[in-house]
Structures are given as structure tokens and as C-alpha cells.
Amino acid sequence: MSQALHIFRKDARSLHVELAVVAALNIAFVWAHIKAAAPGIEELSHPSMLAYLTSVLLAMGWWFLIARVIHQEALPGDRQFWVTRPYEWKQLLAAKLLFVLAFVNAPLLIAQIVILAAAGYASPTGLPRLLWMQFTVTLIVLAPTFAMGAVTRNFARLVLFAIGLLTGSYFLAAGLQALLFGWIPSGLVVIGGELEGWPKQAIVVLAMLAGAVLMVLWQYRGRRTAAARLAGAVTLILIILCLFLPVELRYAANAWVFHQPEARGVSVDCRPPVVPDRVPDQWGVPVDFPCTFANVPPGKTAKVEVAKATFEGSSRLHGFGLTSEPELPSGYQRFWLDRDSYRRLAGKLIAFHATLHITLQRPREWPLPNGRVTALPGGRRCTVATSGQTHTVFCVAPFHDPWKNIDFHPPDKDGHDGAAELVARSFSPWPADFAFSPVFTDNSGCEGDCAIRFRQEEPLAWFRRDIHMTVQLPPVPKVAP
Amino acid sequence: MSEDPIRISGLTKKFRWTPVLKGLDLAVPRGALFALVGPNGVGKTTTIKILMNILRPTSGGAEILGIDSHRLAGRDFARIGYVSENQELPDWMTVDYLLSYLRPFYPAWDADLAAQLVSQFNLPGNRKLKHLSRGMRMKAALASSLAYRPELVVLDEPFTGLDPLARDEFIEGLLERSENTTIFISSHDLADIETFASHIAYLDDGRIQFSEELVALSDRFREIEITFDAAPPLPADWPAAWLHPESSAALIRFTDSRYEEERTMAEIRARFPDARNVTATPLPLRTIFVTVAKKAKRAVAA
């Protein structure tokens, strides 16, 4: 029997209590997710807290189990009995990886297959997506835990190390954000939407993987704890820097993936901005440019995914704005400017430059009738139930969120009813979204005279348009109570 | 197979800015029962951890069984047994499971010998290590380190905290199986090792102060007492090997650290022609070390 198997057996014997607990959590996870995917009609409006809770507990169980198995032969320190025994480092590492594979990945895969089958999505074609989910869970949850386990002596130190890294990352990210942008409304790093963010997500995840692999190999090969910890810190810094990658680099990837000649003729025409009389205190000042699209091919729509703008005055102060609001083509494009900058620029003639990153897409819509299950593209199933004036929609989908965002349309003056539009994209860069369960559920609703629709947008082209104009910002608006 | 199992040359180790080892040189001959002694905190454990590739040296190096210590890994340890006072054992294992777990790691593992050691040490096979006394744990560690007949056994302060009975059993078990094995043992307590060590090295102030066979060491140290009718003043050409001289009205006493009967007596007669009587008394090992330690401290102070 190879040394790896021998160590694996020893670990399984040593950690049988922990393994039993994680197995129980796995069963609870399966049960809760099967239940969450098929709620009773009265449960449609309540998200399953139990499913969420079991996911969190399962992840905690994995962290503990991985830490415990690695710490059976802890790498830092100079008192462990095993360091002067004939352990081969490759065999030891293989034993630990085998343990994770056998007691974390394999049970999760089985759990996912059971959840998928129970939701009516059992199909061999789903296997590659399930393997992708295993890959992402390993990459995002298990590999960092493994790497942190390799540079710590016990679970308490692992938790402290993780807290230290997260705290350091937050302050580094916040500091960089303040340095680069000066101001962002939410106070958090803006990562961007799925379509815009996938190149960055890929880089971040690959950096995480590279860092974790480096730390683990360094430790198992030569027990270079200080160097491995440093590698972890450097990886984290690189990941944070990745979050601040120039948007142009990321958008170039999208423009390469989505390239369609018919987008060439699409243009954007914007007029001088308007500013509300009163604005909320905490959000800076919204500056709305009435804009329209021209030459959009029939049957297709254009949508601003991300917009970035610079306001230049005599003092060359910059504002920075992001929007994902779908008001174009007949609405306006909104930018946010921090209050101090606005105060300095108001009333002056200033140069305004904006770059709009736009998708050309083909939309399709499905009504969701009340009281029955509607089958939708991508395996989605949606149920609408009405109780009094309240309309509730519940959707279930394999491998991806049933929808990405909801647009609420209020009733208009012409007597048209309001609507809640569940918007999804036909394209996802990833075979499956990141989650533990392959069955995704979501619910929403609206009140009164309101129809619920499902809208799928198929991205056809990604392109940019630049706007240059001289503007005069209106006086500083009052703070809304 | 004639080369020394342990060779250390110019070994230095600093912990941050604090030097612990300052150019340590040492050779342990094959088959020796070699004791590294010295006060607490002088670097005995650090030396052993460098030998075992648990710590890395700042400079210099060491060879274990012909292998650079910093390359010592994996199967090399199948030829070495290591037991340390502060070693963390897998507490959840029973004694029997520890031995059966370690067995596949060692091609030369002798199951009969392991059983014999368990029996000799009175180890309760089905009891978990965490439920054993310190002495029992050390004996379990030793049993697990002797069962494959290692070429080299390295023991770091193995007797600390052991009661006399456990210590004797430990030593007995060790000595009975020391044939064809080199044993390197560190201790701060001479009484632990003077009864069985064949070689001894004294580590102090980051360096080996001396290293030699125990018999030779005992032979070359003598307490010399010279009686006079009236003791003369100490001569100006006092030999450096005559340590800690004391003088009273009719007596001069010192420790000769290079005693050879004929030569020493001739030197005494040359310096003290009026001596009435000269006696040379062998010294216990403890006194030899105290003498050497005092000399080293004076040298450092000077």
C-alpha cells in the first residue's frame, strides 16, 4: 500500500467524529435544498433560510475538516513527530488531497446529483456542469482553506490568519479605492456585473489558485512557512490589484467575444444634463444626461452596461460614475458626482467626456400566467401565485440564477398596468454559477395591477461609444430630508 | 562505512539578531555513545534540530550519515531514530496503533523487536498516548525509534522530567540495542549520561569547548595537591593547563587539565623543588565540567 493511502487511512480513522458531523451536514444540505426547490404554494414568498443555513454550516464543516486533516501533520513548527519520520512530501500531500476529494468533493458531487434529480433536472448532460461546480467550489472555498491550513498549526490559528488576511485586504482595497477614485458611493470596491466582470473574475480566481498552489507546494516540499505566508499575502495583494484592472482591458475581452458588424451604425446622442432639485445626502449628486440611441437594428435593443465619465473644470476635478440602469434608448444616462466636486464645478462651463460600454441584444419575453408553472429557456420553471393584491413569482433553474435582475415598470398614464420583469441573459461566460447546490431558486413579486413577465436578453455585440461635450452644471441641489 | 555518522563544521545559528551557535565543529565517530552536554540554553536542542533538518543553519553545515542535514528528508529518516523531550506525538493513537502505523514507513521494521520493546518498557499497548505518563510517552517514542534498528539514534534531553526508574529503564532499553548503532544524546545533566557515554562534548557559549572520549577526559583531569613546610608564592610561569590554583600556608592545590603522570610530576618538581608531598586525585565528571565551565566563563569575561 502506498504511503499516501496509509496516511489517508490513518486520517480517516483519526477524524471519524468530524467526518460523521460533515456527513450529517451533507444530508441536511440535500434535504433542505430539495425542499427549497419545491416549496408549497404558501411558501413561495419565503426564501428558504434552512437551505442557506445548511450551506453555511456545510462550508464551515469543510473548513474545519480540511484544517483538521492538514493539522494532523502540521507543517509550521519544530516539534511535530512526523518531521523526523520517513514521510515523502508528495505522498503526504497526496494523502491530504485524497482526503479532501473523498470526504468533501465526492459527497458534494453526490449531494448535487441527488438535488438535481429531485428537482427534475437529472440528465447526463449536466455532468460537465456539475464538475465545473466542483472545480469552482474547490478553487474558491477549498483551495484557500487548504493553503491557510498549510501555513498554520491549528484551527484557531487558521481562523486568526484568515481574519488577518481579510482585514488587511479590506483596508488595502479601501485605501486603493480612495487613492484611485477618491469617492465611490457605496464605499466598496465596484466589481461590476457578470457580463462586464467575467474577465476580472477569471483573473482573480486564477490568481487565487496560483497563490494557493504555490503556498501548498512551498510548505509541503520544504516547510518554508514564512515564505509561504508571504506568498499568500502577495497573492492577496495581486488579487486586490486585479479588482482595479483598467476597465478598458476588461471591456476589450468582451468586445472580442461579442463582435457583430451590425452594431457599427448604432450611435448615442446626449443633451445637456439635468439635476434633481433635491437629492439624498449620502449619494452625492446624480447628473442625468437625456440620451437616445439611433440606428438600432429592428427587433434588437441597445443597453448601456457600464458608463464612465470625467468632468473637467479649471481645477480638473474628476467624478466617476457607474450605471447599469436600462433607461436608454429613450431615457437618460446617469452619472454620480461627489458633492464637493459638484459644488466646485456648478455654474462653470466644463468639458465632459464619457465612455459608454453598450450591448446590442435581442430581447424575448414570456408572460407568466397566474396559478401555473411556466417552462422557460434554460430549464427554468416559474410559478406565479396571487393572494389578494399580492402577486408572487417563484422560479427554479439548474446551474444558473433564474434571473439576474428585476425591472419594475409602474402603471403609465395611458392606463397600462405595471409590470415586474424578470431579466435574464441567454449568455453566461461560465457553465454554472458559483454555489454549492446546482438548483437555483429565487422569488419576487409585485402589488396591485401588475403583470409578471420573463425577459431574456441575448447579447449580440459589445461596443463602446464616446461622448464629448461642454456642459454647464445647474446649481447645487438641496439635500432631501 | 567508516566515516563519522555526524560531522558538523562551522555551524552558526542566529534567532533574529541573537547568536546561539557561533561556529560549532564536531565529529561523532561511528558506534559511539556520544553525549552533548552543556548548561540549559546554550544551543544543544538547536544543534540537534539543525542536524534533523527541523531548523536551518545561519551558516556552516552538518552531515548526517553522509547527507547534508538540510537535504535530509523522507526515506533518509528510515536510518535515523529521533526522540526529543518536547516532541509532539499523535496523542489520539494507542501505543499499538502508533507502532503499527509507523511500521510501513520503515523497510527494516522488526515487529518482534517492537513487541519486545513494548514488553520491556511495560507499555500498555491499548492505551492512548495522551493518557500515558511522561515517562511512558518517552519510552513509547523510543520503542518506535528503535524497532527498525536505526544506524543513528538522536536523543534530545530524553531524561528531562523522568523519574529514576523510568530513566533507568529507558537507558537499559537503549543500551541493549546500541550494537551497530551510533547514539547521539544531549543532556544538561551529567549524572544522566556519565554512567554510559563513551564520548562527550561540552557545548558552551555557542561553541564546543572540548570533545573527546570519556575515559581520556577522566584520565587527563586530576586534582593536584602539593604540601610544603611553607608554601612558596605561585611561580610566574604557571602552566595554562593548571586550572584554578589555590594556595594556603602549607598547600597549593589546582586542577591539571592535561595530566600525564611522569610529565606532570616532572613539571611540579621543576617549579616546586621544596615540595614535601604531591598527590594526584581523579576527579568526578561533574567536577571536571564545573572546572571547564568556570574556565570558559572567565575567558568570556576576560
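Being a predicted model, the structure only gives us computed values, none of them experimental.

About the thresholds
Residues numbered from 1 in each chain as written. Chains lettered and ligands numbered in written order. Predicted model: local features only at pLDDT ≥ 70, side-chain atom pairs only at ≥ 80, totals over all residues. Helix = DSSP H or I, 4+ residues; strand = E, 2+ residues; numbered from the N terminus. Buried ≥ 20, exposed ≤ 12 C-beta atoms within 10 Å, placed from the backbone. Contact = placed C-beta atoms within 7 Å. Nonpolar A, V, L, I, M, F, W, Y, C, P; charged D, E, K, R; others polar. Axes fitted to C-alpha atoms, helices over the stretch in contact; angles between N-to-C directions. Parallel < 35°, antiparallel > 145°, perpendicular 65-115°, else oblique. Left-handed = near helix turned anticlockwise from the far one by under 90°. Pairing = 2+ DSSP bridges. Expected span 1.5 Å × (residues − 1). Domains from an automatic or database assignment. Bend = angle between axes of the 7 residues up to and from the residue.

With that settled, the discussion passes to the overall build of chain B. A count of helices and strands for chain B gives nine helices and 14 strands. In terms of overall dimensions, chain B has a C-alpha envelope of 75 × 40 × 35 Å along the principal axes. The buried share of chain B, reckoned over its 302 residues, is 36%. Counting contacts in chain B only where the partners sit at least 6 residues apart, residues at least 24 apart contribute 70% of the total.

So, on to the interface of chain A and chain B. Quite often, the size of an interface is put as the accessible area lost when its parts meet. Tallying the contact residues gives 14 residues for chain A and 20 residues for chain B. Of the residues assigned to the side of chain A that touches chain B, the class counts are five nonpolar, four polar and five charged.

Helices that pack against each other are described as a pair by the angle of their axes relative to one another and the distance between those axes. Residues and elements named next belong to chain A. One can describe the packing of helix H1 (residues 3-14) onto helix H4 (residues 89-118) by two numbers: an axis separation of 8 Å at closest approach and a directional angle of 50 degrees. The orientation of H1 relative to H4 falls into the category oblique. Note on packing geometry: the crossing formed by H1 with H4 is right-handed. Where H1 approaches H4, its residues Gln3, Ala4, Ile7, Phe8 and Asp11 are matched on the opposing element by Gln91, Leu92, Ala94, Ala95, Leu98 and Phe99. The class makeup of the residues in the contact of H1 with H4 is eight nonpolar, two polar and one charged.

Moving on, we come to the sheet that holds strand E1 (residues 267-270) of chain A. Residue and element names in this part refer to chain A. Strand order in the open sheet formed by three strands is E1-E3-E5, and the pairing between neighbours is antiparallel. Two strands close off the open sheet at either side, each with one partner strand: E1 and strand E5 (332-337). Taken over all neighbouring pairs, the strand axes of this sheet differ in orientation by 35 degrees on average, direction set aside. In this structure, E1 lies alongside strand E3 (residues 285-294), joined through four bridges in antiparallel fashion. Bridge assignment links Asp269 to a residue of E3, and that residue is Thr292.

This part is about helix H8 (residues 225-243) of chain A. The first and last C-alpha atoms of H8(A) sit 27 Å apart over 19 residues, in line with the 27 Å expected at 1.5 Å per residue. A:Ala228, A:Arg229, A:Ala231, A:Gly232, A:Thr235, A:Leu236 and A:Ile240 are the residues of H8(A) that are buried.

With that out of the way, let us pick up the domain arrangement of chain B. Partitioning chain B into domains gives domain 1 (6-213) and domain 2 (222-282). The C-alpha-based centres of domain 1 of chain B and domain 2 of chain B are spaced at 42 Å.

If you trace the backbone, A:Pro429 turns up in the loop between strand E11 (418-425) and strand E12 (439-447). Distance from A:Pro429 to A:Pro128, taken between C-alpha atoms, is 15 Å for residues 301 residues apart in sequence.

Our next topic: the pairing of strand E12 (residues 242-247) of chain B. All names here are of chain B. Bridge analysis of E12 against strand E13 (residues 251-256) gives four bridges, and the strand direction is antiparallel. Residue pairing across strands places Ser247 opposite Ile252, the latter belonging to E13. A loop of three residues connects E12 with E13, the two strands running antiparallel in sequence.

With that out of the way, let us pick up helix H5 (residues 127-150) of chain A. The largest bend in H5(A) is about 40 degrees, located at A:Thr138. Those residues of H5(A) that fall on the buried side of the exposure criterion are A:Arg129, A:Met133, A:Val137, A:Leu142, A:Ala143, A:Pro144, A:Thr145, A:Phe146, A:Ala147, A:Met148, A:Gly149 and A:Ala150.

What follows covers the environment of B:Thr47. With respect to the helices, strands and loops of the structure, B:Thr47 is situated in helix H1 (residues 44-51). Given 30 C-beta atoms within a 10 Å radius, B:Thr47 is considered buried.

In this section: the sheet that holds strand E9 (residues 199-204) of chain B. All names here are of chain B. In space, the six strands of this open sheet follow the order E6-E7-E8-E3-E9-E10, with mixed pairing throughout. Looking at which strands have only one partner, the edges of the open sheet turn out to be strand E6 (80-84) and strand E10 (207-213). Averaged over all pairs of adjacent strands, the angle between their axes in this sheet comes to 15 degrees, without regard to strand direction. Bridge count for strand E3 (residues 33-37) against E9 is four bridges, and the pairing is parallel. Paired with Leu36 across the two strands is Ala201, which belongs to E9. The strands touched by H1 within the sheet are E3, strand E7 (152-156), strand E8 (182-187) and E9, with E7 carrying the most contacts at an inclination of about 145 degrees. Lying over the sheet, helix H4 (residues 134-146) contacts E6 and E7, oriented at roughly 170 degrees with respect to E6.

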